[in-house]
Amino acid sequence: LLKECSKTELSILAQLLNPLLTVDFFSDLPVEIVRKILSYLDAVSLCHCAQVSKRWKELSDDDIV
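Calculation rules
Residues numbered from 1 in each chain as written. Predicted model: local features only at pLDDT ≥ 70, side-chain atom pairs only at ≥ 80, totals over all residues. Heavy atoms only, no water. Salt bridge = Lys/Arg side-chain N within 4 Å of Asp/Glu carboxyl O. Helix = DSSP H or I, 4+ residues; strand = E, 2+ residues; numbered from the N terminus. Buried < 20%, exposed > 50% of the residue type's maximum accessible area, 1.4 Å probe, protein only.

Chemist: Residue-level account of the pattern of salt bridges, with values.
Modeler: Considering all chains together, one arrives at two salt bridges under this definition. As a salt-bridge pair, Asp-62 and Arg-35 come within 2.8 Å of each other at their nearest N and O atoms. Here Arg-35 lies in helix H2 (residues 31-39) and Asp-62 lies in the segment after helix H4 (54-60), a separation of 27 residues in the sequence. Arg-35 sits in the partly exposed class, given a relative accessible area of 25%. Put simply, Asp-61 and Lys-57 hold a salt bridge, and the shortest N to O gap is 2.6 Å. By relative accessible area, which is 45% here, Asp-61 ends up partly exposed.

In short, the description is geometric, and any link to function would need to be established separately.
Structural data, given as structure tokens:
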């Protein structure tokens, strides 16, 4: 189906779908679960998480993690 679309149609489709693909799942989870998830990450991965947003930085920098 996508192979049949023009570049203009693909561009419009990308603009419509992009907001749906950028969901901050951490905002929907309780902070205890987010901390548990982050506790499995190594230091480099935590640094990458901290660069996503201010909220993710706060969570990644938490001493509990």
